[in-house]
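# Architecture at a glance
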Amino acid sequence: MEQLSEPPPLVDVTRPSVARVYDLLLGGKDHYASDRAICGRLLEVAPDLPLWARENRRWLRRVVGWLAREHRIDQFLDLGAGLPTAQNLHQVAQRVHPTAKVVYVDNDPSVVAHGRALLVDNEHTAFVAADFTRPRQVLTDEAVVTGLDLHRPVALIEALALHHVPELDHARQLQAAYLDMLPSGSFVAISHACNPRDGRATARLADAVEQTLITSFPDLRFRTPDEILSLFGDLRVLAPGLVRVPDWNPSGEPAAENDAEGNFLYCAVARKP
Ligand SMILES: C[S@@+](CC[C@H](N)C(=O)[O-])C[C@H]1O[C@@H](n2cnc3c(N)ncnc32)[C@H](O)[C@@H]1O
């Protein structure tokens, strides 16, 4: 496998990074031995993980395109953005609205370095190095304040991000703070690793992946469907509800490229009235 020769400054390559492990699952090249070690263990327990990671990216593109086209959303705040990969959020949004504003937020130095390099020529897109568990700090960041008009609807995108907040109450609180500050007509799109904890096959697989991930990323928590839905606060989740990422398609057309049986990545979208 290809690997980076020069890590960006501040990057500790001796410890795996969740952003790089996810990028490795997607077939990216920004990884080191520590990332490959945990990735190898994950693939032993769940060989289809790369497929599911790709389905999550496909969902992200679908939901962003849908929000831009059908709801004329032209402002996006992407929390836990991850390493740039093929067809990033701003590219999907700006295909519909060429001046769509996108602010990415991540606290991983590899992500910030690569994200900023990618966006150097894009005046409508910014990359903020911040901890998304601090909503006030994020929403008052200069790039957010100058990049987004918080008096017009915004799409808050949290793709595979909130399972990095270990305490459910904390995750609910920070969601409440974001939702409170978003203007009416805004949307929230969440994808999240789900463990139904019902003893069935998907739960057993989710258990095995969760236990493996926790050895390297102790803060990571999978959640039950009800717990994930609680992250939307009082907002009503739009059709088709909370479903596996390959099954999310508001037009009712089949969205999955494949069946992806066992996929425990779930998603839902809600709108603030
Ligand atoms: C699994 S990746 C998801 C990437 C992308 N959202 C996607 O779904 O394709 C999770 C990302 O969340 C970031 N992250 C985790 N906790 C964070 C925090 N407290 N603040 C900012 N970013 C965080 C990680 O650095 C990583 O890039």
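Structure's up top.
Here's what I pulled together on the structure shown here. The model shown is predicted, which means the values in this text are computed figures rather than measured ones.

This paragraph deals with the pairing of strand β1 (residues 75-79). Within a regular strand, the side chains alternate between the two sheet faces. By the criterion of burial, β1 is predominantly enclosed, with five of the five residues buried. The alternating pattern of β1 places Gln75, Leu77 and Leu79 on one face and Phe76 and Asp78 on the opposite face, and all of these are buried. Strand direction decides the pairing type here: β1 and strand β2 (residues 101-106), joined by five bridges, are parallel. Note that in β2 the partner of Gln75 across the bridge is Lys101. The pairing of β1 with strand β4 (residues 155-159) spans three bridges and is parallel. Its bridge partner lying in β4, Leu77 is registered against Leu156.

Here the focus is the sheet that holds strand β5 (residues 187-193). The seven strands are arranged β3-β2-β1-β4-β5-β7-β6 in an open sheet whose pairing can be described as mixed. Edge positions in the open sheet fall to β3 (125-129) and β6 (243-244), since each of these has one partner strand only. Here β6 runs beside strand β7 (residues 265-271); their pairing, made up of two bridges, is antiparallel. When the bridges of β7 are listed, Arg244 appears paired with Tyr266. Sheet strands touched by helix α4 (residues 89-96): β1, β2, β3 and β4. Its angle to β2, the strand with the most contacts, is close to 170°. Across the sheet, helix α5 (residues 109-119) is in contact with β2 and β3; its angle to β3 comes to roughly 165°.

Our next topic: the nonpolar core. Of all hydrophobic cores here, the largest spans 55 residues; its most connected members are Trp59, Val63, Val64, Leu67, Phe76, Ile157 and Phe264. Ranked by residue count, the leading element in this core is helix α3 (residues 49-70), at ten residues. Residues contacting Phe76, with those up to four places away along its chain left out, are Val64, Leu67, Ala68, Leu89, Ala93, Lys101, Val102, Val103, Leu148, Ala155 and Ile157. Core analysis: the next-biggest nonpolar cluster, separate from the first, contains 32 residues, Leu148, Leu156, Phe232 and Ala268 among them.

Here β4 lies mainly inside the structure; five of its five residues are buried. Residues Ala155, Ile157 and Ala159 of β4 are buried on one face, and the alternating residues Leu156 and Glu158, pointing to the opposite face, are buried as well. Handedness of the β-α-β unit built from β4, helix α8 (residues 168-181) and β5 comes out right-handed.

This part takes up the environment of Leu205. Tracing the backbone through its elements, the reader meets Leu205 in helix α9 (residues 201-216). With 160 residues separating them in the primary sequence, Leu205 and Val45 have C-alpha atoms 7.6 Å apart. Not counting residues up to four positions away in its chain, the partners in contact with Leu205 are Val45, Ala46, Trp52, Gly262 and Phe264.

In this section: the site of the ligand. Inspection of the region around the ligand gives 19 residues, with Tyr22, Arg57, Gly80, Asp106 and Asp131 positioned closest. Within the side chain of Asn107, an N or O atom sits 3.2 Å from a nitrogen atom of the ligand. In this structure, Asp131 approaches the ligand through a side-chain N or O atom, which is 2.8 Å from a nitrogen atom. The protein chains hide 94% of the 600 Å² of surface that the ligand would expose on its own. Looking at the shell around the ligand, the elements that each hand over two or more residues are α1 (18-25) and α3.

How each quantity is defined
Residues numbered from 1 in each chain as written. Predicted model: local features only at pLDDT ≥ 70, side-chain atom pairs only at ≥ 80, totals over all residues. Heavy atoms only, no water. Buried < 20%, exposed > 50% of the residue type's maximum accessible area, 1.4 Å probe, protein only. Helix = DSSP H or I, 4+ residues; strand = E, 2+ residues; numbered from the N terminus. Pairing = 2+ DSSP bridges. Contact = heavy atoms within 4.5 Å. Axes fitted to C-alpha atoms, helices over the stretch in contact; angles between N-to-C directions. Core = buried A, V, L, I, M, F, W, Y, C linked by side-chain atoms within 4.5 Å. Right-handed = clockwise from strand over helix to strand, strands pointing away. Near = heavy atom within 4 Å. Polar contact = N/O pair within 3.5 Å; in protein donor to acceptor, adjacent residues only side chain to side chain. Areas by Shrake-Rupley, 256 points an atom, 1.4 Å probe, with all protein chains shown as cover.

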